[in-house]
Amino acid sequence: MLVYERMTHHPITVHPDLPVAEALRIMRTENVRRFPVMDRKTNILVGIVTEKELLYASPSPATSLSMHEINYLLSKLTVARVMTTELITVQEDTPIEEAARIMIDNQVSGLPVMRGETLIGIITETDLFKTFIELFAAREGGVRLTMLVPEQKGELAMITDAISELGGD
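Keep in mind that this is a model prediction, so the values were computed, not measured.

This brings us to the layout of surface pockets. Estimates place the volume of the largest pocket at around 320 Å³. Forming the boundary of the largest pocket are 14 residues, of which Asn31, Val32, Arg33, Arg34 and Thr124 lie nearest the centre. Of all elements in the fold, only β2 (34-38), β6 (118-124) and α7 (125-135) reach the threshold of two or more residues within the lining of the largest pocket. Across the lining of the largest pocket, the residue classes tally to six nonpolar, four polar and four charged.

A separate point is the packing of aromatic side chains. Inspection of the entire model under this criterion finds one aromatic pair. Note on Phe132 and Phe136: the rings are 4.8 Å apart at their centroids and 55 degrees apart in plane angle, and the pair reads as tilted. By relative accessible area, Phe136 is classed as partly exposed at 40%.

Those residues of helix α2 (residues 20-30) not exposed but buried are Val20, Ala23, Leu24, Ile26 and Met27. End-on, the buried residues of α2 take up no more than an arc of 165 degrees, which puts them together on one face. The outward face of α2, more than 90 degrees from its buried face, is lined by the exposed residues Ala21, Arg28 and Thr29. In this structure, the buried residues of α2 make contact with β2, β3 (45-50), α3 (51-55) and α5 (79-82). Downstream of α2 by a residue or two, Asn31 has a phi angle that is positive, lying close to 55 degrees.

What follows concerns the packing of helix α6 (residues 96-106) against α7. For the pair α6 and α7, interaxial distance at closest approach is 11 Å and the crossing angle is 135 degrees. The angle between α6 and α7 falls in the class oblique. The two elements α6 and α7 cross, and the hand of that crossing is left-handed. Only Glu125, Leu128 and Thr131 of α7 make contact with α6, whose side of the interface consists of Ile96, Ala100 and Met103.

Next up on the list: the pairing of strand β5 (residues 110-115). Among the six residues of β5, five are classified as buried, and the element is accordingly described as predominantly covered. Here β5 pairs with β6 via six bridges, running antiparallel. Bridging across to β6, Val113 finds its partner in Gly121.

Sheet topology note: the β2/β3 ladder contains five bridges and is antiparallel. Its bridge partner being in β3, Phe35 is matched across the sheet by Val49.

Backbone hydrogen bonds hold the strands of a sheet together, and the pairing may be parallel or antiparallel. Spatial ordering of the open sheet is given by β1-β6-β5-β4, a layout of four strands whose pairing is mixed. Of all strands in the sheet, those bounded by a partner on one side alone are β1 (8-9) and β4 (90-91). In the packing of α7 onto the sheet, contacts are made with β1 and β6, and the angle to β6 comes to roughly 60 degrees.

What follows covers the nonpolar core. Counting residues in each nonpolar core, the largest one holds 16 residues, and the members touching the most others are Val14, Val20, Phe35, Val49, Leu54 and Val79. Broken down by element, this core gets its largest block of residues, five residues, from α2. If near-sequence neighbours (up to four positions away) are discounted, Val49 is found in contact with Val14, Met27, Arg33, Arg34, Phe35, Val37, Leu54, Val79, Val82 and Met83. Formed by twelve residues, the second largest nonpolar core is a distinct cluster that contains Met7, Ile96, Ile120 and Ile123.

Note on helix geometry: an α-helix contains 3.6 residues per turn, so any two residues three or four positions apart are oriented the same way. Among all positions in α7, only Asp127, Leu128 and Thr131 are buried. The buried residues of α7 all sit within an arc of 100 degrees when viewed along its axis, so they share a single face. Pointing more than 90 degrees away from the buried face of α7 are the exposed residues Phe129 and Phe132. Where α7 is buried, its residues touch α1 (3-6), β1, α6 and β6. Of the residues flanking the end of α7, it is Ala137, one or two places downstream, whose phi is positive at about 50 degrees.

Rules behind the numbers
- Residues numbered from 1 in each chain as written.
- Predicted model: local features only at pLDDT ≥ 70, side-chain atom pairs only at ≥ 80, totals over all residues.
- Heavy atoms only, no water.
- 1 Å grid on protein atoms, 1.4 Å probe; cavity = no way out; pocket = protein on both sides within 12 Å on 5 of 7 lines; lining within 4 Å.
- Points joined across faces, edges and corners; volume = space filled by probe spheres on them.
- Helix = DSSP H or I, 4+ residues; strand = E, 2+ residues; numbered from the N terminus.
- Nonpolar A, V, L, I, M, F, W, Y, C, P; charged D, E, K, R; others polar.
- Phe/Tyr/Trp six-rings, centres within 6.5 Å; stacked < 30°, edge-to-face > 60°.
- Buried < 20%, exposed > 50% of the residue type's maximum accessible area, 1.4 Å probe, protein only.
- Arc of directions from axis to C-beta.
- Contact = heavy atoms within 4.5 Å.
- Axes fitted to C-alpha atoms, helices over the stretch in contact; angles between N-to-C directions.
- Parallel < 35°, antiparallel > 145°, perpendicular 65-115°, else oblique.
- Left-handed = near helix turned anticlockwise from the far one by under 90°.
- Pairing = 2+ DSSP bridges.
- Core = buried A, V, L, I, M, F, W, Y, C linked by side-chain atoms within 4.5 Å.

Right, here's the structure in full:
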């Protein structure tokens, strides 16, 4: 299974000059937790910004600024100031298990999916969990049998024959 088959196609993107407050509003409206950030002129991927980065983009509680000054400064804070620019991406033909390994190894929850240098999607932890549920038919009724089988030629065939003889599928 390849990333292309499980990714979110045509993800919502933002530009670096978008105010943080507006990015958060869009994130909440669209129910997403990360945005690829695209250069406005070249339409090239220049970063990624997560909900956590946007939420942490505020002054220290120990500040001596007034509430008005804080609101003014926050209105001027843009995605460019908080986004991650050291991008980790995958190509559309990357196996899904490789994308999962990359996410784990780099402690990220989503990867922009590229076709060459063009952004075509995003693969997230949620996409991987959905795949996992489907692979194990977790939403379907039935019986699951777990066995420890010796690694010997013909052992698995013998077990499946026995299940079949008893009317199992």
